[in-house]
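One letter stands for each residue in the lines below.
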Amino acid sequence: MHYPIGLLFDLLASSSALPWNITVHFKSFPEKDLLHCPSKDAIEAHFMSCMKEADALKHKSQVINEMQKKDHKQLWMGLQNDRFDQFWAINRKLMEYPAEENGFRYIPFRIYQTTTERPFIQKLFRPVAADGQVHTLGDLLKEVCPSAVDPEGINLFMRYPPPNPDPSTSH
């Protein structure tokens, strides 16, 4: 249950109509199964930590370190309140790079997986190959998750377990 909400939807409810109805229980929290989030401040801190991690990979932390506290707050509030313009005014800085640098140092990514003991794959991946060729999403998947690539191309929407071809049986 610690996967991002979009991933949970893809894994558990992608065949259902949106909006996705979620039932939230306020008693008997499963402490042994889930980490309890103590506050909204903890969620904000986690978000900012992820932003700092991505900026460290892309820009050697230069962009996030040059921002003021009010910029961090604007980024978070724009996301929290579904205000794209407010969010993008700050996030844009994190997505830009000087042309002379030929792109980001590394591409921050995380591939979530449910079929192994490791909950996700995350490693350094350069956007440009040693020969100067720009890497694609397919290149990243071939390197870090070869099972996602079949001879006919990339299957980005793999389901685990795969859909059951026999409707008379269930998982």
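Nothing here was measured: the structure is a model prediction, and the numbers come from that model.

About the thresholds
Residues numbered from 1 in each chain as written. Predicted model: local features only at pLDDT ≥ 70, side-chain atom pairs only at ≥ 80, totals over all residues. Heavy atoms only, no water. Helix = DSSP H or I, 4+ residues; strand = E, 2+ residues; numbered from the N terminus. Buried < 20%, exposed > 50% of the residue type's maximum accessible area, 1.4 Å probe, protein only. Contact = heavy atoms within 4.5 Å. Areas by Shrake-Rupley, 256 points an atom, 1.4 Å probe, with all protein chains shown as cover. pLDDT = per-residue confidence, 0-100. Arc of directions from axis to C-beta. Polar contact = N/O pair within 3.5 Å; in protein donor to acceptor, adjacent residues only side chain to side chain. Axes fitted to C-alpha atoms, helices over the stretch in contact; angles between N-to-C directions. Parallel < 35°, antiparallel > 145°, perpendicular 65-115°, else oblique. Left-handed = near helix turned anticlockwise from the far one by under 90°. Nonpolar A, V, L, I, M, F, W, Y, C, P; charged D, E, K, R; others polar. Lys, Arg positive; Asp, Glu negative; His and termini not counted. Salt bridge = Lys/Arg side-chain N within 4 Å of Asp/Glu carboxyl O. Patch = residues over 30% accessible without salt bridge, like charges linked within 9 Å, V, L, I, M, F, W, Y side chains within 5 Å.

**Some words on the overall build of the protein**
Then, in step 1: What the protein contains, in helices and strands, is 6 helices and 4 strands.
Then, in step 2: Taken from N to C terminus, the helices and strands of the protein fall in the order α-α-α-α-α-β-β-α-β-β.
Then, in step 3: Here the protein holds 171 residues, and 22% of them are scored as buried.
Then, in step 4: Within the protein, contacts between residues at least 6 apart in sequence are counted, and of these 40% link residues at least 24 apart.
Then, in step 5: Accessible surface, the protein as shown: approximately 13,000 Å² in total, 57% of it carbon and sulfur.

**Focus on the confidence of the model for the protein**
Then, in step 1: Within the protein, residue pLDDT values average 81, and 84% of them lie at 70 or more.
Then, in step 2: Across the protein, the element-wise mean pLDDT spans from 60 in strand β4 (residues 153-154) up to 95 in helix α4 (residues 69-80).
Then, in step 3: Predicted confidence for residues 158-171 stays below pLDDT 50, and this span has 13 contacts to residues more than four positions away or in other chains.

**Focus: helix α6 (residues 137-144)**
Then, in step 1: Of all the positions in α6, only Gly138, Leu140, Leu141 and Val144 are classed as buried. Taken down its axis, α6 places every buried residue within 160 degrees of arc, on the same side.
Then, in step 2: The N-cap of α6, judged by a side-chain oxygen 3.2 Å from the amide nitrogen of Gly138 a few residues on, is Thr136.

**Looking at the packing of helix α2 (residues 40-59) against α4**
When two helices pack together, their arrangement is given by the angle between the helix axes and by the axis-to-axis distance.
Then, in step 1: Remark: α2 packs on α4, axes separated minimally by 11 Å, with the N-to-C direction vectors making an angle of 115 degrees. With respect to α4, the axis of α2 lies roughly perpendicular. For α2 against α4, the interelement crossing comes out right-handed. Across the interface between the two elements, Lys40, Ile43, Glu44, Phe47, Met48, Met51 and Lys52 of α2 pack against His72, Lys73, Leu75, Trp76, Leu79 and Gln80 of α4.
Then, in step 2: Of the residues assigned to the contact of α2 with α4, the class counts are 7 nonpolar, 2 polar and 4 charged.

**Some points on the packing of α2 against helix α5 (residues 84-95)**
Then, in step 1: For the pair α2 and α5, the least separation of the axes is 10 Å and the interaxial angle reads 35 degrees. On the side of α2, the interface is formed by Phe47, Met51, Asp55, Lys58 and His59, while α5 contributes Phe87, Asn91, Lys93, Leu94 and Met95.

**Observations regarding the side chain of Asp55**
Then, in step 1: In this structure, Asp55 sits in helix α2.
Then, in step 2: For the buried residue Asp55, which engages in no salt bridge, the nearest side chain bearing the opposite charge is Lys58, 6.3 Å off.
Then, in step 3: Asp55 has contacts with Lys60, Ser61, Gln62, Val63, Ile64 and Leu94, leaving out every residue within four places of it along the chain.

**Details of α5**
Then, in step 1: By the burial criterion, the buried members of α5 are Phe87, Ile90, Asn91 and Leu94. Looking straight down α5, one finds that the buried residues subtend no more than 100 degrees of arc, so they occupy a single side.
Then, in step 2: Packed against the buried residues of α5 are α2, α3 (62-66) and α4.

**Observations regarding a nonpolar patch on the surface**
Then, in step 1: On the surface, Ile5, Ile22, Val24 and Phe26 cluster together into a nonpolar patch covering about 490 Å² of accessible area.
Then, in step 2: Locating Phe26 in the fold gives a position in the loop between α1 (5-12) and α2.
Then, in step 3: Accessibility expressed as a relative area gives 79% for Phe26, which makes it exposed.

**What to know about the pattern of salt bridges**
Then, in step 1: On inspection of all chains with the given rule, the structure shows 5 salt bridges.
Then, in step 2: Of the charged contacts, one joins Lys73 and Glu44 as a salt bridge, the two residues approaching to 3.1 Å between their closest N and O atoms. With Lys73 in helix α4 and Glu44 in helix α2, the pair connects residues that are 29 residues apart, well separated along the chain.
Then, in step 3: Residue classification places Lys73 among the partly exposed positions, given a relative accessible area of 38%.

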